[in-house]
Amino acid sequence: METPTRITVNASGKYDILLRKGGLSGIGQAVAEISKPCKIAVLSDDKVFPLYGKSVIESLEKAGFSTVCHIIPNGEQSKTLDNVTAFIDSMVKAQVTRTDMVLALGGGVVGDMAGFAAAIYLRGIPYIQVPTTLLAAVDSSVGGKTAVDISAGKNLVGAFHQPALVYLDTETLNTLDPAVMRDGFAEVLKYGFILDRELAHTTARPGTFDLEQVIARCISIKRDVVEKDEFDKGLRGLLNFGHTFGHAIEKLSGFTITHGSAVARGMIIAAKVAKVYGFTDYTDVITKIVKDYGFETECPFSADELYGVILSDKKRSGADITLVLPKEIGACTLEKMPAAQVLELMKKAGL
């Protein structure tokens with residue numbers, strides 16, 4: 001087995017992100033390097049677990065760990081408080097204690113839920129992220145943001161809880177549906193647009209770059225941001241480029257529009273808003289790149305509809321909302337403004 005790429009995060013907890021190809025059978029050894037033998041509560045979904053559950057469990061048990069598993073239906077609709085409670089109930093029944101761990105095997109939904117359950121169970125136990133989607137690999141598995149959705153909006157109930165380890169086997173990405181893989185590229189493009197002009201140039205044309213190197217670069221960017229602003233008080237807000245509008249699109253669609261597809265549209269809306277706000281217009285540049293990846297680019301909802309959801313966004317602060325707007329490719333800025341101004345800008349942008 002090849003030596004993994006190791007990226008270390010120094011936040012409130014120090015942990016490694018291990019990237020390797022064909023390495024799921026080595027996860028037991030990796031966990032054994034950070035923990036004594038204990039019980040590991042595995043959360044996965046009904047698409048991912050049949051593919052990788054056996055390999056992960058056998059590796060963990062070979063390394064001396066015992067496992068209990070809880071499987072949820074695949075999809076955003078499963079990211080609820082009720083399902084977190086059901087997972088916690090299963091841990092109670094299995095007598096999982098403070099010296100035990102949680103392991104998330106799956107995409108962003110599973111990772112967010114497992115991390116949140118670990119944050120609140122027994123006032124906090126360690127957890128491990130094993131992302132199996134591109135979106136989770138470059139974004140949600142790193143940085144310790146955990147949450148679930150409620151009827152009022154996406155990710156409104158959550159906690160900051162850094163993982164003890166992130167373990168990524170890039171070969172798991174080979175089994176993704178093309179639409180799920182494409183979703184992840186919305187987050188990849190985001191990193192280039194906000195902070196890395198060279199990365200934006202590299203990823204401007206699909207299929208022309210080394211994906212593993214790009215994944216490592218995206219993770220390194222997020223690591224750097226998290227280390228400077230772990231609890232999302234400033235700089236980390238840049239990582240929300242496209243998300244304020246994207247989350248509204250997701251919710252208004254009843255989550256029939258996926259996260260990546262919604263964020264892709266959200267980045268275009270942000271570029272349109274930036275233009276009427278007075279910045280250089282990069283709408284055509286961002287739209288072309290997003291379209292080349294196969295994303296839909298038109299928002300099916302009005303400014304008023306989007307605004308109604310944005311008012312409940314977790315990034316709102318009092319009467320103000322902070323938007324992430326592109327000043328140029330590779331350099332976004334945080335612009336705090338009255339909520340009513342957001343509606344005005346969207347309408348001026350033609351939404």
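Before reading further, recall that the structure is shown in the block above.
In what follows, the accompanying structure is described. (Residues numbered from 1 in each chain as written. Predicted model: local features only at pLDDT ≥ 70, side-chain atom pairs only at ≥ 80, totals over all residues. Heavy atoms only, no water.)

**Some thoughts on the packing of aromatic side chains**
Let me state the cut-off plainly: Two rings belonging to Phe, Tyr or Trp (six-membered ring only in the last case) form a pair when the distance between their centres is within 6.5 Å. Interplanar angles under 30 degrees mark stacking, angles over 60 mark edge-to-face geometry, and anything in between is tilted. Every helix listed is a DSSP run of H or I at least four residues long, and every strand listed is a run of E at least two residues long, numbered separately from the N terminus. Summary of the burial criterion: residues with accessible area below 20% of their type's maximum are buried, those above 50% are exposed, and those between are partly exposed, where the area comes from a 1.4 Å probe applied to protein chains only. Look at NZ for Lys and CZ for Arg. If either is within 6 Å of the ring centre and within 35 degrees of the ring normal, a charge sits over the ring.
Using the criterion set out here, one finds 5 aromatic pairs in the structure. Each ring, one from Phe185 and one from Phe209, has its centre 6.2 Å from the other, and the planes form 75°; the classification is edge-to-face. Of this pair, Phe185 sits in helix 6 (residues 178–195) while Phe209 is found in the loop between helix 7 (197–202) and helix 8 (211–228), placing the two residues 24 residues apart along the sequence. The buried category is assigned to Phe185, whose relative accessible area is 12%. With relative accessibility at 16%, the residue Phe209 sits in the buried group. The rings of Phe185, Phe209 and Tyr293 are connected pair by pair, giving a single aromatic cluster. Over the aromatic face of Phe295 sits the side chain of Arg182, whose NZ or CZ is 5.7 Å from the ring centroid. Lying across the ring of Tyr191, Lys190 places its NZ or CZ 4.7 Å from the centre.

**Some details on the side chain of Gln129**
The criterion, for reference: Here a polar contact is taken to be a pair of N or O atoms separated by no more than 3.5 Å, where protein atoms must pair a possible hydrogen donor with a possible acceptor and residues adjacent in sequence count only if both atoms sit in side chains. Any two residues whose heavy atoms approach within 4.5 Å at even a single point are treated as in contact.
Mapped onto the elements of the fold, Gln129 is located in strand 6 (residues 127–131). Here Gly111 takes part through its backbone oxygen, which lies 3.4 Å from a polar atom of the side chain of Gln129. Excluding anything up to four places from it in sequence, Gln129 contacts Ala104, Gly111, Ser140, Ser141, Pro163, Leu165, Val166 and Tyr167.

**Focus: the pairing of strand 2 (residues 14–20)**
Filter applied, for reference: Paired strands, as defined in this entry, are two strands with at least two bridges between them according to DSSP.
Of all 7 residues that make up strand 2, 6 are buried, and the element is covered over most of its length. Relative to strand 2, strand 1 (residues 5–10) is paired through 6 bridges, and the arrangement is antiparallel. Each bridged residue has a counterpart across the sheet, and for Arg6 the counterpart in strand 2 is Leu18.

**With respect to the layout of surface pockets**
Heads up, the rule is: Of the grid points, spaced at 1 Å and generated over the protein atoms alone, those admitting a 1.4 Å probe that cannot get out make up cavities, while open sets with protein on both sides within 12 Å along at least five of seven lines make up pockets; any residue with an atom within 4 Å of a point is treated as lining. Grid points are joined across faces, edges and corners, and a volume is the space filled by probe spheres set on the points. The residue classification treats Ala, Val, Leu, Ile, Met, Phe, Trp, Tyr, Cys and Pro as nonpolar and Asp, Glu, Lys and Arg as charged. All others, Gly included, are polar.
What the second largest pocket holds in volume is close to 160 Å³. Lining the second largest pocket are Arg197, Ala200, His201, Ala204, Arg205, Val285, Lys288, Ile289, Asp292 and Ile329. Looking at the lining of the second largest pocket, the elements that each hand over two or more residues are helix 7 and helix 11 (283–292). Looking at which element gives the most residues to the lining of the second largest pocket, the answer is helix 11, with 4 residues. Taken together, the residues that form the lining of the second largest pocket break down as 5 nonpolar, 1 polar and 4 charged.

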